[in-house]
Amino acid sequence: MGSVDTPSVVPLDKYKNDPLLQNLVGKFNESYGVPPTFIVCVPGRVNLIGEHIDYCGYSVLPMALEQHILIAGKATDDSTINLININPKYAPFKGNIMSLSFNTNDDGVQWHNYVLCGIKGVVESLNEQTLQGINLAVAGNVLPNSGLSSSSALVCAAALATAHAHKKTFSKQELSSLCAQSERYIGTEGGGMDQAIAFLANKGCAKHISFKPLRAEDVEIPSGLAILVAHSFAELNKAASDQFNQRVAECRLASVILAKKTGLQNWKDLTVLADVQRELKVSLPDAILKTAEILSKDVFTKEEICEILGVDTNDLDSSYLPVNTRSRKSFKLCQRATHVFEEALRVSQFKDICKNGGSSKELGHLMNLSHDSLRDLYECSHPQLDELVSAARKSGALGARLTGAGWGGCMVALTTEEHAETLISSLKEKFYSTLITEDKRDEPFIFQTLPGNGAVIIQ
Ligand code: ADP
Ligand code: NG1
Ligand code: MG
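Fair warning: this is a prediction, and the values are worked out from it, not measured in the lab. (Residues numbered from 1 in each chain as written. Chains lettered and ligands numbered in written order. Predicted model: local features only at pLDDT ≥ 70, side-chain atom pairs only at ≥ 80, totals over all residues. Heavy atoms only, no water.)

1. A few points about the pattern of salt bridges
Then comes step 1: Overall, the coordinates contain 22 salt bridges when judged by the stated rule.
Then comes step 2: The partner of Arg 401 in a salt bridge is Glu 343, and the shortest N-O contact between them spans 3.9 Å. Pair noted here: Arg 401 is in strand E14 (residues 399-402) and Glu 343 is in helix H11 (residues 334-356), with a separation of 58 residues, a long-range link.
Then comes step 3: In this structure Arg 401 comes out as buried when scored by relative accessible area, which is 0%.
Then comes step 4: With relative accessibility at 0%, the residue Glu 343 sits in the buried group.
Then comes step 5: With its nearest N and O atoms 3.2 Å apart, the salt bridge here joins Arg 393 to Asp 372. Here Arg 393 is found in helix H13 (residues 383-394), whereas its partner Asp 372 is found in helix H12 (residues 360-376), with 21 residues between them in sequence.
Then comes step 6: For Asp 372, a relative accessible area of 23% corresponds to the partly exposed category.
Then comes step 7: Through salt bridges that share partners, Arg 247, Glu 250, Lys 332, Arg 336 and Glu 379 make up one connected network. (Salt bridge = Lys/Arg side-chain N within 4 Å of Asp/Glu carboxyl O. Helix = DSSP H or I, 4+ residues; strand = E, 2+ residues; numbered from the N terminus. Buried < 20%, exposed > 50% of the residue type's maximum accessible area, 1.4 Å probe, protein only.)

This is the structure in C-alpha cells:
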C-alpha cells in the first residue's frame, strides 16, 4: 500500500513576512494571553469550467488561489470552543465542542456557523465521549460571498485545525469528503468541488476533479495564457437564499423523471444526473437529446411532477426537496438538465485541449458557452456580472464566464500573458470607473492569478 497523503506541515519561519499571519498571531496572543501552537492555511479557489455540475456527479476543473483563510489554534483544558476573528465585523463566539448547534438570525447565516461545520465534521468522525476544546482565531483574504469559495476555505480550515489540535491525522481525501458532507450543515446541498480543491491542489496546476471515487488529476494551463479574476460588485451569501438549493432540487427532479420515463427500474434512487446517464448507457450528446424529448416543457408545476412520479406532495418533499425549497410551486427541469449535460461535455473538451494541445481560442470559446448557458439555462448570473463578462470579451479576453455559484460574485477570464495588463486597465476604465467608491479602492477586486497550493499546517 502507498503512503497516505496528508496535509503538509511547513515551518512558521517561511511566513515571517506575511502581514496577515503576523496580525493573526498578534490578535491570538492579545485575546488568549498565549501564542497559538499551530496555524492552518486553506486556499480559496477559482473554477475554470464546470459550474453547478459537481452535485450532479460530473467532473469540474478548478484551481486554488493564493488568497486563503488562516486559523490559529491551541487546545484548551476544558471542552470550550472560543472563536475570534481579526476582522471586527465578524463577532466572537463561544460554545461547547461536544454540543455544537447551528443558528441563524435576522441577517441570515452567522459566520461562526461555517467554523462549526468543520469542527462538527471532525468531532463526529472521531466519535469520542469527550474532547478538549480549542481557542481559535481566524483571518482571511478570500473575497467573501463572491464565488471564490471563502465558505469552504473556512469550513476546511476549521476541520483541519480541529483534527490537528487533537493530534489526529486524516488523509487529504478523507478531509475533502468529510468537509463536503459537513458544510451541508449550513443548509446548502452543494457538491464536493470546493473542499476537494482546498485539500488536493498543487502549486502550478489546475485540477480535473472527479467524484465517486474522488480523484484529482493535474491539468496544466497551456503556456503563455493568463487567468484573471474580477469582481462584479454584486454579492450573494448562498446559505441566506433558496436559489442554490432550488437548482439542486430541479436537477434531482429532472433526474428521477428522466429515469422513470426511460423505464429504469430503480428510478426512485436515481437522483443524480450522472447516474441516470450511466444507467442508460448513453453518451452526453444523447442524454441532451433525451432531455429535450422527455422534459419538453418550460415549467413543471409541483402537482405535475407528483403526477408523473406517482407520489404525493409529502413524499416528493421528503424524498427529493431540500427543506427551504418545499414551498416552491414550479420547477424548470429541461433547461437545468440541458445545462448540466452540456457543461459536463465542455469540461471534458477543456481538459482534452489543455492535455493534448489545441487552440487557446477554443478554450475561451468553451468558457463563453459556459457563461451563456449559466445565464440563460441555469439563470444564476446577475446583470452586473453579465456586463463585466461582456466588457472582458469586448476588451479582447479569449473567454470569460461567471465562476462559483453565481447570482453575482466573480468572473474568471482567460487571456494571454501579454494582454493581461491591458485587459485589467481596460476593465478598470470600462466597467469599474463608475462603480468604485473610495471604500473599495484598495480591495483586490481584479487580479491575475496562478494555480496555488492546497491546505497546509504551519508550525
Ligand atoms: P463563497 O462564494 O465566498 O463561498 P458563500 O455564500 O458560500 O460564499 O459563503 C460566504 C460566507 O463565508 C460569508 O458570508 C461569511 O459568513 C463566511 N466567511 C468568508 N470569509 C470569511 C472570513 N474571512 N471570516 C469570517 N467569515 C468568513
Ligand atoms: P460557492 O460559490 O463557492 O459557494 C458552490 C458550491 C459548489 C458548486 C458551485 C457551483 C458549496 C460549498 N459550494 O460554490 O459545490 O456547486 O457552487 O459550481 O456548496
Ligand atoms: Mg461557498
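2. A few points about the site of ligand 1
Then comes step 1: Taken together, 19 residues are adjacent to ligand 1, and Asn 85, Asn 145, Gly 147, Ser 150 and Lys 238 come closest.
Then comes step 2: Note that an oxygen atom of ligand 1 is positioned 2.6 Å from one of the side-chain N or O atoms of Ser 150.
Then comes step 3: The contact in question runs from an oxygen atom of ligand 1 to an N or O atom on the side chain of Asn 237, over 2.9 Å.
Then comes step 4: Notes on ligand 1: free accessible area 570 Å², of which the protein chains cover 92%.
Then comes step 5: Looking at the shell around ligand 1, the element that brings in the most residues is helix H3 (residues 150-165), giving three residues.
Then comes step 6: Each residue belonging to the shell around ligand 1 can be placed in one class, and the counts come to nine nonpolar, nine polar and one charged. (Near = heavy atom within 4 Å. Polar contact = N/O pair within 3.5 Å; in protein donor to acceptor, adjacent residues only side chain to side chain. Areas by Shrake-Rupley, 256 points an atom, 1.4 Å probe, with all protein chains shown as cover. Nonpolar A, V, L, I, M, F, W, Y, C, P; charged D, E, K, R; others polar.)

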